[in-house]
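Fold and geometry: a report
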Amino acid sequence: MRRPEIAEDLVQETFFAAVRTSGSFRGKSSERSWLCSILKNKICDHFRKLGRETSFTDLEFLDDELSHKFVPQGFWNHEHGPFEWKPEAEVVMHRAEFWETFRNCLSKLPQRVAHVFMLREMEGMETEQICRDLNISPNNLWVMLHRARMALRECLEMNWFKDPQQESG
Amino acid sequence: MSGEYNPSPEGNPSLLARRNRFQTALVKFIGRHTPKCREVVRILSQSMDSKLSLTMRIKLRLHYLICAWCQRYEKQLHELRKFASSVPDHVDDFSADTLSPAAKERLKEALREERRE
């Protein structure tokens, strides 16, 4: 959520929903995760209401930027091919600064593309369901996910894995 | 034939490169019979969401012999998934934003109203 007033509304709706349905809270999970799951649904609803349009600019956002990565025959330009990520993902995830970088990279994506990516990769929602809920065509979804992955990978590489500062911490 | 893949072995992390005649021939052959990297990255993204055919999976394995970059790309897509799915465990690092004191007051007030009704 990029606009604070929308975030505030959603948090408020979450608490309302929690108060209304508190009888159904069985204490199987912590209150925190219970509230988070309600909030997640509210966020999904919000995006559903926003409608179906993905502008072309959303999808074009990466095309030019990445054309230098490949030689005209379609192979990687060796200078710009993926870099070997070190240290491993498990190690990196313990660093608070890494999450800041991750969040910054995510915020550079067009909002809808970032949202679709998180539904798929954070929540593990099936692609069919994302298409249904957000009313987008499967083809459009493939493109969005591909661009999101490509852009995020690139951004993390440039701002974390290739950044000498991260080794000093 | 133009557009044939015949990469330099210099600083090349791939298993096969132009290191001898045998390798050169093999690299060219695999380059001709597997998708180009630009296409491979697209296919790899799809493979995160649906199962690829056996033929395609074999083609990718072969392609990795001549292209360590695409192999890294695949590994990194899985790492991206690992990162994204761990966000809920790291929300506090992920965002330091909290509701402003004024917003908290508004929220409490609204909840009190709701209770009264």
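Use the structure listed above.
A short tour of the structure in this document, coming up.

**Focus on the overall build of chain B**
Regarding its fold elements, chain B presents six helices and zero strands. The helix and strand sequence of chain B, counted from the amino end, reads α-α-α-α-α-α. Expected size for 117 residues packed as a compact globule is a radius of gyration near 13 Å; at 25 Å, chain B overshoots this value by more than 25%. Along the three orthogonal principal directions, the C-alpha set of chain B runs to about 85 × 30 × 25 Å. Sorting the 117 residues of chain B into buried and exposed places 39% on the buried side. Across chain B, the fraction of contacts at a sequence separation of at least 24, relative to all contacts at a separation of at least 6, is 51%. Surface accessibility of chain B: about 6900 Å² in total, with carbon and sulfur atoms responsible for 54%. The averaged location of the 15 negative side-chain charges in chain B is 15 Å from the averaged location of its 22 positive side-chain charges.

**Points about helix α6 (residues 101-116) of chain B**
Residues and elements named next belong to chain B. The end-to-end C-alpha distance of α6 is 23 Å, a good match for the 22 Å that 16 residues give at a rise of 1.5 Å each. For α6, the full list of buried residues reads Ala103, Leu107 and Ala110. Seen along its axis, α6 keeps its buried residues to an arc of 65°; they face one direction. Exposed side of α6, more than 90 degrees from the buried face: Pro101, Arg115 and Arg116 are the residues found there.

Cut-offs used in this document
Residues numbered from 1 in each chain as written. Chains lettered and ligands numbered in written order. Predicted model: local features only at pLDDT ≥ 70, side-chain atom pairs only at ≥ 80, totals over all residues. Heavy atoms only, no water. Helix = DSSP H or I, 4+ residues; strand = E, 2+ residues; numbered from the N terminus. Rg over C-alpha atoms; globule rule 2.2 N^0.38 Å. Buried < 20%, exposed > 50% of the residue type's maximum accessible area, 1.4 Å probe, protein only. Contact = heavy atoms within 4.5 Å. Areas by Shrake-Rupley, 256 points an atom, 1.4 Å probe, with all protein chains shown as cover. Lys, Arg positive; Asp, Glu negative; His and termini not counted. Charge placed at Lys NZ, Arg CZ, Asp CG, Glu CD. Expected span 1.5 Å × (residues − 1). Arc of directions from axis to C-beta.

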